[in-house]
Amino acid sequence: MDSPAFDPLSADFLAHPYSKYAALRRAHPVFFSDRLGAWVLTRYADCARVLSDTDAFASDPTRFGRELPPSAVSLQTLDPPLHRELRHPFLAAMRLQDLDAWQAATEAVGTALLQAAADRPFDFINEFAEPLALRSMAHLFGVTDRIDEHKFRRVSRDIVLGMDAGLDPSRTEPCAKARITLNHMIESWFADTTVTGLVADLRRLGSSSAAPFDQLINTARVMFHAGYSSLSSFLGNAVGWLARRQLLHAATLQAADSRMTDELLRLDSSVQAVFRMCAEDLDIQQHRLRTGDGVIALVGAANHDPEIFPDPAVAHFTRSPNPHLSLGRGIHACLGGHLAGRVTTGVLRLLGSRCTRLELAAPPVQRASATLRGLDALPLHAVPGNPQLSATGSGERRTVIETP
């Protein structure tokens, strides 16, 4: 039976996941969910093992004789050695991009969005995080003038909610339709020889790669959508975390660096759960798992494991090292994780440079999604200006901030 404490789509769980994870970690560190038909893991060591060991924990269901639709075969669902053949052209194409210019363009978008919201309450999710993440990915892929933003964001929402179809089967059909729409969108980019950016480089490099071209397109689809949905969700989570603690002011924001971004990733990751399959019979915490069993690594729980992160509900913005699992681990680690970090740090500094402070204009609205955690709305009021960084305030707030 399911643990009675494990109901990830309930309003209470969505509002307070980390206290729920802590209770699970104490009483049910490993348990089988009949509802999900999979083992659920809550401890850091177990989750890290699942993410890192592709020999024991598979992403590819064909290793067990199960069929996978051709449109679903991508870097996300392949294990070595096929995974390496597909990963190579993506890494090569990423190295060809001018990432400094891309980051500057992204921050220019952010500046324009903030100007449009100046001196009035605005929804950080719908008026900033989502349009910025989408335009950032579109610039990287070279398709800035080929996206219907409102349509894409509706399609993405159905896909994100569909990640929890195992908990709510009514989400399955809308998600499937949304994936078809997104497939057609990505295929049209690769068919258009006038498209530049990452798409053009992938088209060229993929033609000489050992990886099948349709798998390259599938991976581009996964990468584009994951880049948009994960980045927009995390921007909302990070700013929402700071807003709830009245920390959206210049002293904190202008001092943002990669360590602060990493700590915010640990504290409230967008990716909360990752699914794998046992490739062999094995034991975890005295539980016997069989070949083919599904395994869900609760990344959000692992990131708050006190055995790895002392006082996990406390934010240390100078924490180093910070081995959180928010960007994955091993060969399936997020391909663009470093880009998301750059954007988030830049956005926090941008907010600090343009606003003396930001305050909640109304309570945030949590999105009803457990696998990819995020907000539906984050109403803020921005106080514009050209603030000066407070050295004393910066030093205090970069060290330790307790979570209520």
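Attention here is on the structure that accompanies the text. Worth saying up front: this structure is predicted, and the values here are computed from it rather than measured. (Residues numbered from 1 in each chain as written. Predicted model: local features only at pLDDT ≥ 70, side-chain atom pairs only at ≥ 80, totals over all residues. Heavy atoms only, no water.)

Turning to the packing of aromatic side chains, a few remarks are in order. Taken as a whole and judged by the stated rule, the model has 13 aromatic pairs. Seen in terms of ring centroids, F32 and W39 are 5.3 Å apart; in terms of plane orientation they differ by 75°. Their pairing is edge-to-face. In this structure F32 comes out as partly exposed when scored by relative accessible area, which is 30%. Taking the centre distance of 5.2 Å and the plane angle of 80° together, the rings of F152 and Y228 count as edge-to-face. Placement of the pair is F152 in helix α7 (residues 149-162) and Y228 in helix α10 (residues 213-244), with a sequence separation of 76 residues. No difference in accessibility class separates F152 from Y228, as the two residues are buried. In this structure an aromatic cluster arises from ring pairing among F6, F13, Y18, Y21 and F31. The ring of W241 carries the charged tip of R245 above its face, separated from the ring centre by 4.0 Å. We note R266 situated over the ring of F309; from NZ or CZ to the ring centre the distance is 5.1 Å. (Phe/Tyr/Trp six-rings, centres within 6.5 Å; stacked < 30°, edge-to-face > 60°. Buried < 20%, exposed > 50% of the residue type's maximum accessible area, 1.4 Å probe, protein only. Helix = DSSP H or I, 4+ residues; strand = E, 2+ residues; numbered from the N terminus. Lys NZ or Arg CZ within 6 Å of the ring centre and 35° of its normal.)

Contact geometry for α7 and α10: axes closest at 11 Å, N-to-C directions at 90°. Relative to α10, the element α7 lies roughly perpendicular. The segment α7 lies against α10, with F152, R153, S156, I159 and V160 engaging F224, H225, Y228 and S229. Class assignment for the residues of the contact of α7 with α10 results in 5 nonpolar, 3 polar and 1 charged. (Axes fitted to C-alpha atoms, helices over the stretch in contact; angles between N-to-C directions. Parallel < 35°, antiparallel > 145°, perpendicular 65-115°, else oblique. Contact = heavy atoms within 4.5 Å. Nonpolar A, V, L, I, M, F, W, Y, C, P; charged D, E, K, R; others polar.)

Before going further, it helps to spend a moment on the pattern of salt bridges. Summed over the entire model, instances satisfying the criterion amount to 21 salt bridges. For R171, the salt bridge goes to D168, with nearest N and O atoms at 3.2 Å. You can call R171 buried: its relative accessible area is 14%. Three or more residues joined by partner-sharing salt bridges are found here, namely D145, R146 and D192. (Salt bridge = Lys/Arg side-chain N within 4 Å of Asp/Glu carboxyl O.)

This part covers helix α4 (residues 82-95). A rise of 1.5 Å per residue sets the reference length of α4, with its 14 residues, at 20 Å; its end C-alpha atoms lie 21 Å apart and thus fit the reference within 8%. Among all positions of α4, only H83, L86, R87, P89, F90, A92, A93 and M94 are buried. Buried residues in α4 make contact with α9 (197-207), α10 and α14 (337-354). (Expected span 1.5 Å × (residues − 1).)

Attention now goes to the sheet that holds strand β8 (residues 294-298). With mixed pairing, the 5 strands of this open sheet are ordered in space as β1-β2-β8-β5-β3. The sheet is open, and its two edges are formed by β1 (30-33) and β3 (57-58), each paired on a single side. Direction of pairing for β3 relative to strand β5 (residues 273-278): antiparallel, over a ladder of 2 bridges. Counterpart to F57 in the pairing with β5 is C278. Strand contacts of helix α3 (residues 44-52): β1, β2 (38-41), β3, β5 and β8, with the helix running at about 120° to β8, the strand carrying the most contacts. (Pairing = 2+ DSSP bridges.)

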